[in-house]
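Here is what each chain is made of, one letter per residue.
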Amino acid sequence: MKKILLIGTGGTIASEVTDTGLAPELTTEQLLAQIPAISDICDVDCVQLLNLDSTNMAPEHWLLLARCIRQRYDRYDGFVVTHGTDTMAYTAAAISYLIQNSPKPIVLTGAQKPIGFDSTDSKINLADAFRCAAEDLPGVSIAFNNKVILGTRAKKTRSKSFQAFSSINYPYLGVLRDGVLLRYIRPDCAEAPVFYDALDPKVGLLKLIPGTGREQADFLLERNDALIIESFGVGGLPENGGFYDCVRRAMAAGKIIVLTTQVENEGSDLGVYHVGHRLKNELGVLEAYDMTCEAVVAKLMWILGQTRDRAEVERLFYTPVARDILWTEG
């Protein structure tokens, strides 16, 4: 029987009702006690790493989680991480960069309703996560609502319903039916994982709206080492308002700028329109293509934690990690 480590970080799944709303209070042992049938799936040990609403998760907590797994990696066959849904996709992406090519499963899960509620998705999600962690499912994934999503491709697309997560620009890794994992895709892995222990949290994000001026970009660039700009459609920047001068000055100062799109599916393509063509071919901004915004954020933090060399940043950004970008593959 496989030996799995359950790592608790808080979230709705571990929450109870308080006078000021739901708050994470239950321990991993208390969660596990709600699902005795898990003992038929695997042997479980528990670690209570954090007990946070996932709104409070930060890059320092991603490093703590990666370190927790690294220190115990050789003692377990797989790992289950309970996590709040609101930032779970960011954490899944970050762990995908901090722990690369893992031959062992690292499965994140959570819930839209606390485990103590009569109507809850907690128990099925947690049981499914253990089933995935006990299978041949390498790398980082999210198990939620009977679906398995690659860690770099997950996005929370519904705020309340049980089908909270979608896989963006990539198929589901598998589905769970009647307690059985039907795996469609086996993620890439190596004989041993590669661990990283540094992130640069100075990554900003600007979502364009019609009429946005460069002042907001200037503000963010002054305070960060990289800026992600969520543009419209396939990508571009307004030709009025000084954006192009802002980009030119920032890049000359060593800042990294990435253009992505606000549209969830199908990705960016800066070469299509005049408003994007110049950015890529003359100014040399990076383009996210089919990556999720969550993955772009985490990947930039990981890259800038390793190097500040512009050519190396670009090489690493376009090098696929855990199938986070398919443009370079096809």
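Rules and cut-offs
- Residues numbered from 1 in each chain as written.
- Predicted model: local features only at pLDDT ≥ 70, side-chain atom pairs only at ≥ 80, totals over all residues.
- Heavy atoms only, no water.
- Helix = DSSP H or I, 4+ residues; strand = E, 2+ residues; numbered from the N terminus.
- Contact = heavy atoms within 4.5 Å.
- Polar contact = N/O pair within 3.5 Å; in protein donor to acceptor, adjacent residues only side chain to side chain.
- Buried < 20%, exposed > 50% of the residue type's maximum accessible area, 1.4 Å probe, protein only.
- Arc of directions from axis to C-beta.
- Pairing = 2+ DSSP bridges.
- Axes fitted to C-alpha atoms, helices over the stretch in contact; angles between N-to-C directions.
- Phe/Tyr/Trp six-rings, centres within 6.5 Å; stacked < 30°, edge-to-face > 60°.
- Lys NZ or Arg CZ within 6 Å of the ring centre and 35° of its normal.

Caption draft 1: Just the side chain of Thr-260, in detail. Residue placement: Thr-260 occurs in strand β17 (residues 256–261). Among residues more than four places away in sequence, those in contact with Thr-260 are Ile-228, Ile-229, Glu-230, Ser-231, Ala-288 and Met-291.

Caption draft 2: Examining the environment of Tyr-97 more closely. For Tyr-97, the position within the fold is in helix α3 (residues 88–98). A C-alpha to C-alpha distance of 19 Å links Tyr-97 and Thr-82, two positions 15 residues apart in sequence. Setting aside residues up to four positions removed in sequence, Tyr-97 forms contacts with Thr-152, Tyr-196, Met-291, Ala-295, Ala-298, Lys-299, Trp-302, Val-321 and Asp-324. For Tyr-97, the side chain forms a polar contact with the side chain of Asp-324, separated by 2.7 Å.

Caption draft 3: Quick look at the side chain of Ser-54. Among the structural elements, Ser-54 can be located in the loop between β4 (43–52) and α2 (59–72). With a relative accessible area of 3%, Ser-54 lands in the buried category. In this view, Ser-54 contacts His-83, Gly-84, Thr-85, Asp-86 and Thr-87; residues no more than four positions away in its chain are not counted.

Caption draft 4: Examining helix α5 (residues 214–223) more closely. Arg-214, Ala-217, Leu-220 and Leu-221 are the residues of α5 that are buried. Seen from one end, α5 has its buried residues packed into an arc of 125°, which puts them on one side. Exposed residues lying more than 90 degrees from the buried face of α5 are Glu-215 and Glu-222. Those residues of α5 hidden inside the fold are in contact with β15 (203–207), β16 (226–231), α6 (243–252) and β17.

Caption draft 5: Focus on the sheet that holds strand β7 (residues 105–109). Read from one edge of the open sheet, eight strands run β4-β1-β5-β7-β8-β9-β12-β13, paired in mixed fashion. With partners counted over all chains shown, the strands left at the sheet margins are β4 and β13 (180–183), one partner each. Here the average twist between neighbouring strands, direction ignored, is 25°. Where strand β8 (residues 139–144) and strand β9 (residues 147–150) come together, four bridges link them in antiparallel fashion. Pairing of Ser-141 across the sheet is with Leu-150, part of β9. Docked against the sheet, α2 engages β1 (3–10), β4, β5 (78–82) and β7, running at close to 160° with respect to β4.

Caption draft 6: Fine view of the sheet that holds β15. Taken in spatial order, the four strands of this open sheet run β15-β16-β17-β18, and their pairing is parallel. In this open sheet, the two edge strands, each paired with only one partner strand, are β15 and β18 (286–287). With five bridges connecting them, β15 and β16 associate as parallel partners. Its bridge partner being in β16, Leu-205 is matched across the sheet by Ile-228. Its contacts with the sheet put α5 on β15, β16 and β17, and the angle it makes with β15 is roughly 170°.

Caption draft 7: Broad picture of the packing of aromatic side chains. In this structure the tally under the stated criterion is eight aromatic pairs. Between Phe-317 and Tyr-318, the ring centres sit 5.5 Å apart and the planes meet at 75°, which makes this aromatic pair edge-to-face. The exposure class assigned to Phe-317 is buried, which follows from its relative accessible area of 0%. On the accessibility criterion, Tyr-318 (14% relative accessible area) is buried. Clustering of aromatic rings is evident, with ring pairs tying together Tyr-73, Tyr-76, Phe-79 and Phe-195. Above the plane of the ring of Tyr-73 lies Lys-104, whose end atom (NZ or CZ) is 4.6 Å from the centre. Geometry around Phe-317 places Lys-299 over its ring, the cationic atom sitting 5.8 Å from the centre.

Caption draft 8: How the structure looks around the pairing of β5. Among the five residues that make up β5, five are buried, leaving the element largely enclosed by the rest of the structure. Side-chain alternation along β5 places Gly-78, Val-80 and Thr-82 on one buried face and Phe-79 and Val-81 on a second face that is also buried. Relative to β5, β1 runs parallel, the two sharing five bridges. Bridge pairing links Ile-7 to Val-81 in β5. Pairing of β5 with β7 involves four bridges; the strand directions are parallel. Considered in β7, the bridge of Val-80 is made with Val-107.

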